[in-house]
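Per-entry structural report
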Amino acid sequence: MSNPTDRKIAMIGGGGVRTPLVIFGINEAAEALGAREMVLYDPDQERLKVIAALGRAVVAKEGGSLVIREAAAIEDAVEGADFVLNSVRVGGIASRAADELAAIKHGYPGQETTGPAGAAMALRTVPVALDHARVVERLAPSAWIVNFTNPAGLITQAVSTHTKARVVGICDTPTELLHRITLALGARHDEVVCDYVGLNHLGWVRRIRLRGEDVTDRVLDDDRILSQLYTAPLFDFAMIRTLRLIPTEYLFFYYSRRRALENQKRQGSSRGTEVEQLNHQLFATLKDRLGADDGEGAVAAYAAYLNRRSGSYMKLEASAGSAFDKDAPFDEDPFRVASGYHRIALDVMTALCGDKPARIIVNTRNDGAVPNLPDDDIVETPCQISRDSIIPEPLEPLPDEVHGLVQSVKSYERAAIRSAMNTDRLTARMAFLIHPAIGEWEPSDPLLHDLLDRCIHC
């Protein structure tokens with residue numbers, strides 16, 4: 001990658017609610033990135049218009065010269081881009097909500113990236129993500145696709161296996177866990193190094209060093225520290241100590257499936273249904289504020305939305321809480337948090353433009369990093385990222401305690417990708433059978449009736 005001062009950054013799915021956060025980050029780092037314009041594309045042009053206007057209000061409030069432009073066609077957005085951010089939700093938030101409720105109906109926790117709802121999301125998203133990647137191949141062959149689209153590891157796997165596009169998958173889950181470990185230790189970020197291994201939404205911290213000293217046992221043995229690592233009380237500390245690994249939050253849907261399901265049933269809802277309600281309220285408010293030429297009011301409403309959404313994260317599944325609980329505190333500046341999708345996206349893009357390597361956890365080809373996984377498997381792992389280069393750090397083999405789970409999920413991912421590409425129902429049922437959070441044959445047919453058949457018409 002050269003050193004241009006007028007890089008074009010495209011965002012597919014630019015009508016998404018996280019786009020203004022990304023715009024904030026790119027505007028903030030525009031000089032370091034050499035970014036001139038950010039072009040947004042979304043098939044929902046009405047929604048795109050609102051988000052683009054909000055993005056311009058963010059830039060105006062913060063100052064900066066980043067140009068935000070809407071594209072009516074994906075080709076216009078992608079052609080000549082240096083980076084293509086991909087953050088799509090096929091079927092919209094309504095599909096997520098329906099998927100999660102269908103999973104709960106059939107006796108499984110409803111979560112957008114794991115279990116039956118995650119499989120449904122994968123089946124509808126893989127073909128679309130591959131189509132997008134092929135447009136990038138054709139019109140911006142040297143660009144990096146920075147994939148936000150969930151299930152992020154599986155989608156990155158599909159693009160990496162079935163196209164020639166350069167792709168890296170990102171997620172803020174491991175970075176957020178590392179951030180919380182650092183805060184719990186009362187340390188600076190440059191003083192803590194964590195060994196991390198796994199897949200997207202299936203990862204573990206297995207060693208923690210503070211100023212060069214291994215403090216893993218100290219962390220594992222301290223209830224005060226462990227209680228600070230998650231936004232809600234998810235895991236029994238005895239389980240963490242027995243495992244000798246610190247799981248990321250999404251392992252809750254593997255290790256505590258019954259508890260998650262019981263809390264969702266008790267609440268009578270799912271995270272997706274609550275986010276759907278929050279989104280409807282947000283867009284109604286944004287249209288009013290932007291229509292009145294009140295950009296600052298729109299940005300304030302958006303910040304309040306982000307705080308309520310992030311402040312209630314995992315509360316429903318862990319304790320039957322709700323995003324609409326009135327006594328919950330939501331007062332952080334969401335634009336300037338230390339972690340988050342916009343931060344990791346900026347870190348990755350900045351590193352890919354520079355000469356100084358940065359250590360960042362991303363989803364990329366294994367290439368020998370994890371000895372007991374194939375080279376072409378997409379894994380979530382610490383990498384050294386510098387100009388046009390992503391090199392995963394060599395790791396110890398997966399421990400026995402998680403090796404089988406990781407291999408099962410990779411097998412499920414491969415089957416789900418095949419099914420999505422071939423629209424083969426039996427392969428989809430096999431993917432459900434292989435998935436360790438589903439793992440049964442008979443329920444797969446009625447599940448597919450409520451999930452896949454609806455997906456075909458999304």
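Residues numbered from 1 in each chain as written. Predicted model: local features only at pLDDT ≥ 70, side-chain atom pairs only at ≥ 80, totals over all residues. Heavy atoms only, no water.

The name recorded for the chain in an unreviewed UniProt entry is 6-phospho-beta-glucosidase, from Nitrospirillum amazonense.

1. Notes on the overall build of the chain
Scanning the chain from N- to C-terminus turns up 21 helices and 13 strands. A compact globule built from 458 residues would reach a C-alpha radius of gyration of about 23 Å, and the chain, at 21 Å, matches this within 12%. In terms of principal-axis extent, the alpha carbons of the chain reach across some 55 × 55 × 50 Å. Taken across its 458 residues, the chain has 59% of its residues classed as buried. (Helix = DSSP H or I, 4+ residues; strand = E, 2+ residues; numbered from the N terminus. Rg over C-alpha atoms; globule rule 2.2 N^0.38 Å. Buried < 20%, exposed > 50% of the residue type's maximum accessible area, 1.4 Å probe, protein only.)

2. Section: the layout of surface pockets
Its volume calculated, the second largest pocket comes out at about 550 Å³. Looking at the second largest pocket, it is lined by 19 residues, and the ones nearest its centre are Thr175, Leu178, His189, Val192 and Arg359. Put simply, the parts of the chain that give the lining of the second largest pocket at least two residues each are helix 8 (173-184), strand 7 (192-199), helix 17 (341-353) and strand 11 (358-365). Among the elements that make up the lining of the second largest pocket, the one with the highest residue count is helix 8 (four residues). Across the lining of the second largest pocket, the residue classes tally to eight nonpolar, six polar and five charged. (1 Å grid on protein atoms, 1.4 Å probe; cavity = no way out; pocket = protein on both sides within 12 Å on 5 of 7 lines; lining within 4 Å. Points joined across faces, edges and corners; volume = space filled by probe spheres on them. Nonpolar A, V, L, I, M, F, W, Y, C, P; charged D, E, K, R; others polar.)

3. Describing the environment of Glu31
The topology assignment puts Glu31 in helix 2 (residues 30-33). Along the primary structure Glu31 and Leu66 are separated by 35 residues, whereas in three dimensions their C-alpha atoms are 9.6 Å apart.

4. Brief notes about the UniProt feature "binding site: Mn(2+)" (unreviewed entry) in the chain
Summarizing the sequence annotation, UniProt attributes the feature "binding site: Mn(2+)" (unreviewed entry) to Cys171 and His201 in the numbering used throughout. These annotated residues cover 31 residues of sequence, and their C-alpha atoms all fall within 8.5 Å of one another, placing them together at a single site. Residues from the annotated list that form part of the lining of the largest cavity: His201. Examined against the element boundaries, Cys171 turns out to sit in the loop between strand 6 (166-169) and helix 8. Setting aside residues up to four positions removed in sequence, Cys171 forms contacts with Asn200, His201, Tyr341, Ile344 and Glu380. On the secondary structure map, His201 appears in the loop between strand 7 and strand 8 (202-210). On the accessibility criterion, His201 (4% relative accessible area) is buried. Only 2.8 Å separates the side chain of His201 from the side chain of Thr113, close enough to count as a polar contact. (UniProt positions renumbered as here; feature names shortened; annotations may be inferred. Contact = heavy atoms within 4.5 Å. Polar contact = N/O pair within 3.5 Å; in protein donor to acceptor, adjacent residues only side chain to side chain.)

5. Notes on the pairing of strand 1 (residues 7-12)
When you tally the buried positions in strand 1, you get six out of six residues, the bulk of the element. Residues Arg7, Ile9 and Met11 line one face of strand 1 and the alternating positions Lys8, Ala10 and Ile12 line the opposite face, and both faces are buried. Pairing of strand 1 with strand 2 (residues 35-41) involves six bridges; the strand directions are parallel. Counterpart to Ala10 in the pairing with strand 2 is Val39. Across four bridges, strand 1 lies against strand 4 (residues 83-86) in parallel orientation. When the sheet's bridge partners are listed, Ile12 is paired in strand 4 with Asn86. (Pairing = 2+ DSSP bridges.)

6. Observations regarding helix 17
For helix 17, built from 13 residues, the straight-helix expectation of 18 Å at 1.5 Å per residue is met to within 8% by its first-to-last C-alpha distance of 18 Å. Within helix 17, burial applies to Tyr341, His342, Arg343, Ile344, Ala345, Leu346, Val348, Met349, Ala351, Leu352 and Cys353. (Expected span 1.5 Å × (residues − 1).)

7. Focus: empty space enclosed by the protein
What the rule picks out here adds up to four cavities of 30 Å³ or more. The calculated volume of the largest cavity comes to roughly 160 Å³. The set of elements that each furnish at least two residues to the lining of the largest cavity consists of helix 6 (115-139), helix 7 (152-162) and helix 18 (400-422). Class assignment for the residues of the lining of the largest cavity results in eight nonpolar, eight polar and one charged. By volume, the second largest cavity is sized at about 40 Å³. As for the second largest cavity, its lining consists of Thr173, Glu176, Leu177, Arg180, Leu229, Tyr230, Thr231, Pro247, Thr248 and Glu249. Sorting elements by how many residues they give to the lining of the second largest cavity places helix 8 first, with four residues. The class makeup of the residues in the lining of the second largest cavity is four nonpolar, three polar and three charged.

8. A short note on the packing of helix 5 (residues 92-105) against helix 6
One can describe the packing of helix 5 onto helix 6 by two numbers: an axis separation of 8 Å at closest approach and a directional angle of 140°. Between helix 5 and helix 6, the interaxial angle falls into the category oblique. The way helix 5 lies across helix 6 gives a crossing that is right-handed. Contacts from Ser95, Asp99, Glu100 and Ala103 of helix 5 reach helix 6 at Pro116, Ala117, Ala120, Met121 and Arg124. Its residues assigned to classes, the contact of helix 5 with helix 6 shows five nonpolar, one polar and three charged. (Axes fitted to C-alpha atoms, helices over the stretch in contact; angles between N-to-C directions. Parallel < 35°, antiparallel > 145°, perpendicular 65-115°, else oblique. Left-handed = near helix turned anticlockwise from the far one by under 90°.)

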